[in-house]
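Structural description and commentary
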Amino acid sequence: MRLIHGAASHVGLVRKQNEDSFVAGEGLYAVCDGMGGARAGEVASETACQTLLFLQPYVTEEAELRRSVAAANDAIVEKSIRDPRLFGMGTTMTAAVGREGGLLLAHVGDSRAYLLRDATLRQVTDDHSLVGEMVRRGQLTPEQAAAHPHRSVITRALGTEREVEVDLIDLDLQEGDRVLFCSDGLSGMVDDDRLAEVLGQGEDPQAVADALVRAALKGGGEDNITAVVVIAIAGDASESGGTAAGAAAVPRFGPERREAETGGTRGAAMSARRALGRMRGRVVVLFAGGAVALLLVLVVAVALFNSSVYFVGTRDGRVALYNGMPYVLFGRELSHVVEVAPTSYAVLDAYVKGRVDAHELTSKEEGQRFIRGLAPSTTTSLPAPTGRSSTTSTLPGSTATTVGPLTPVPST
Ligand code: CA
């Protein structure tokens with residue numbers, strides 16, 4: 001069995017910009033529906049998809065998928081802290097990575113994943129929305145929920161809080177199965193019967209995705225519409241680069257946004273787009289150069305991203321700031337220590353230990369602020385790494401020392 005995919009996104013007939021984003025590649029599928037004023041929603045959804053795309057090579061099991069969703073959450077939170085225009089932005093995420101014989105899904109918010117098997121449509125995800133909760137408690141019927149004035153209020157999102165609760169769903173697939181990932185601009189405009197009918201028609205997943213968008217436009221097009229369609233067909237997964245995570249991937253990232261749509265959050269949106277632009281350039285090279293080039297491209301993309309992120313961990317019993325990601329690839333650690341705090345891990349309280357153990361990806365500045373804020377004898381609560389206003393316990397940078405055989409790496 002192998003998976004083929006198609007994807008389409010449309011601004012709809014009412015909204016001025018498209019705040020949905022999607023990824024569709026071999027072994028990675030995601031729909032994110034952004035929210036927040038002044039184009040912040042577009043930044044949030046794009047950031048979420050971009051993070052998944054970069055971390056995909058490392059995701060082969062649940063814990064790593066959960067961690068990459070947490071990294072996406074962090075990336076959005078960081079951006080919204082840095083730019084007041086983005087404050088409060090968030091996004092849904094319904095994503096999946098390929099695994100042997102199926103998909104591993106991660107889900108937050110009210111975008112949806114559906115499975116169409118033998119002409120029967122089943123919603124695989126629970127809506128994390130006010131009306132979704134009420135339906136599950138038996139207080140509303142699905143029909144009432146679909147027409148409810150507060151149907152767009154969601155109860156979980158990425159980017160709005162430091163911690164995010166993620167639903168992980170393991171989905172076995174059979175040949176002939178079709179999976180749809182979509183934003184509420186599709187599911188809210190097209191009823192289940194029609195959805196099943198359009199999803200089941202034709203063999204080309206791209207044509208199916210386009211037809212689904214047309215159906216939502218016909219249904220009113222009141223919101224942004226995004227559909228990612230995956231079809232399980234006969235064949236060897238390795239033929240097309242495979243469906244397993246980490247396999248060769250030429251992902252599509254969308255939607256393509258016009259310059260005019262970037263407006264108030266141009267800076268952040270543009271930097272995301274530039275990163276993607278660079279990646280697209282490499283993808284073109286890859287068509288010419290084949291599999292070897294593809295591997296090189298992936299390595300370069302990962303290395304670029306890897307050098308830009310930091311996390312806090314431990315080294316020889318002390319708290320340390322690492323540059324890179326907390327993973328081992330081909331037997332090589334993807335991180336190195338840049339600074340060691342004068343604080344031993346053992347004296348930290350449980351909360352701070354938890355922060356250290358989480359290995360959350362962060363910026364250099366945040367990481368330094370965190371480890372320099374750990375006084376040598378401190379056992380009391382400390383500000384979280386993002387506590388921008390809590391600087392009272394920050395020690396001067398020069399007090400950070402290295403221990404043992406470590407040499408501080410000059411940071412760039
Ligand atoms: Ca929406």
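For the structure, check the block above.
In short, a report on the structure. Keep in mind the model is a prediction, meaning the values are calculated, not measured.

1. As for the pattern of salt bridges
A side chain with one charge can pair with a side chain of the opposite charge if their charged atoms come near. A complete count under the given rule lists 19 salt bridges for this structure. Taking the shortest distance from any N to any O, the salt bridge between R355 and E163 comes out at 4.0 Å. Of this pair, R355 sits in helix 9 (residues 350–358) while E163 sits in the loop between helix 4 (142–147) and strand 9 (167–172), and the two are 192 residues apart along the sequence. With relative accessibility at 54%, the residue E163 sits in the exposed group. Beyond isolated ion pairs, a larger network of salt bridges with shared partners links D74, E78, R82, R162, E163, R355 and E360.

2. Regarding the pairing of strand 7 (residues 112–117)
For strand 7, the tally of buried residues reaches 5 of 6 residues, placing the bulk of the element in the interior. Relative to strand 10 (residues 178–182), strand 7 runs antiparallel, the two sharing 5 bridges. Note on strand 10: the bridge partner recorded for Y114 is L180. What sits between the antiparallel neighbours strand 7 and strand 8 (residues 120–123) is a turn of 2 residues, in which D118 has the positive phi angle 50 degrees.

3. A closer look at the side chain of S80
Here S80 lies in helix 2 (residues 62–82). Overall, S80 belongs to the buried group, its relative accessible area being 6%. Among the polar contacts listed, one links the side chain of S80 to the backbone oxygen of V77, at a separation of 3.0 Å. When residues no more than four places from it in sequence are discounted, the contact partners of S80 are L86, F87, G88, M89 and G159.

4. Digging into the nonpolar core
Judged by nonpolar contacts, the single largest core of 28 residues is most densely connected at V23, A48, L65, M89, M93 and L158. Within the residue set of this core, elements represented by two or more residues are strand 3 (28–35), helix 1 (40–55), helix 2, strand 5 (93–99) and strand 6 (102–108). For this core, the element with the highest residue contribution is helix 1, accounting for 7 residues. Membership of the second largest hydrophobic core comes to 24 residues, among which are A8, A209, L212 and L217.

5. Regarding the side chain of D223
By secondary structure assignment, the location of D223 is in the loop between helix 7 (205–218) and strand 11 (225–233). Under the relative-accessibility criterion, D223 is labelled buried at 13%. Within polar-contact distance, the side chain of D223 engages the side chain of R15 at 3.1 Å. Residue contacts for D223: discarding those within four places in its chain leaves V11, G12, R15, D184 and G185.

6. Considering helix 2
The terminal C-alpha atoms of helix 2 lie 30 Å apart, and with 21 residues this matches the ideal 30 Å at 1.5 Å per residue to within 8%. Listing the buried residues of helix 2 in full gives E64, L65, S68, V69, A71, A72, N73, D74, I76, V77, E78 and S80.

7. Remarks on the packing of helix 1 against helix 2
One can describe the packing of helix 1 onto helix 2 by two numbers: an axis separation of 9 Å at closest approach and a directional angle of 140 degrees. Put simply, helix 1 runs oblique to helix 2. Helix 2 is crossed by helix 1, and the crossing has right-handed handedness. Where helix 1 abuts helix 2, its residues V43, A44, T47, A48, Q50, T51, L52 and L55 lie against S68, A71, A72, A75, I76 and K79. Counted by class, the contact of helix 1 with helix 2 contains 9 nonpolar, 4 polar and 1 charged residues.

Rules behind the numbers
- Residues numbered from 1 in each chain as written.
- Predicted model: local features only at pLDDT ≥ 70, side-chain atom pairs only at ≥ 80, totals over all residues.
- Heavy atoms only, no water.
- Salt bridge = Lys/Arg side-chain N within 4 Å of Asp/Glu carboxyl O.
- Helix = DSSP H or I, 4+ residues; strand = E, 2+ residues; numbered from the N terminus.
- Buried < 20%, exposed > 50% of the residue type's maximum accessible area, 1.4 Å probe, protein only.
- Pairing = 2+ DSSP bridges.
- Polar contact = N/O pair within 3.5 Å; in protein donor to acceptor, adjacent residues only side chain to side chain.
- Contact = heavy atoms within 4.5 Å.
- Core = buried A, V, L, I, M, F, W, Y, C linked by side-chain atoms within 4.5 Å.
- Expected span 1.5 Å × (residues − 1).
- Axes fitted to C-alpha atoms, helices over the stretch in contact; angles between N-to-C directions.
- Parallel < 35°, antiparallel > 145°, perpendicular 65-115°, else oblique.
- Left-handed = near helix turned anticlockwise from the far one by under 90°.
- Nonpolar A, V, L, I, M, F, W, Y, C, P; charged D, E, K, R; others polar.

Limitation: the analysis is restricted to geometry and does not speak to function.
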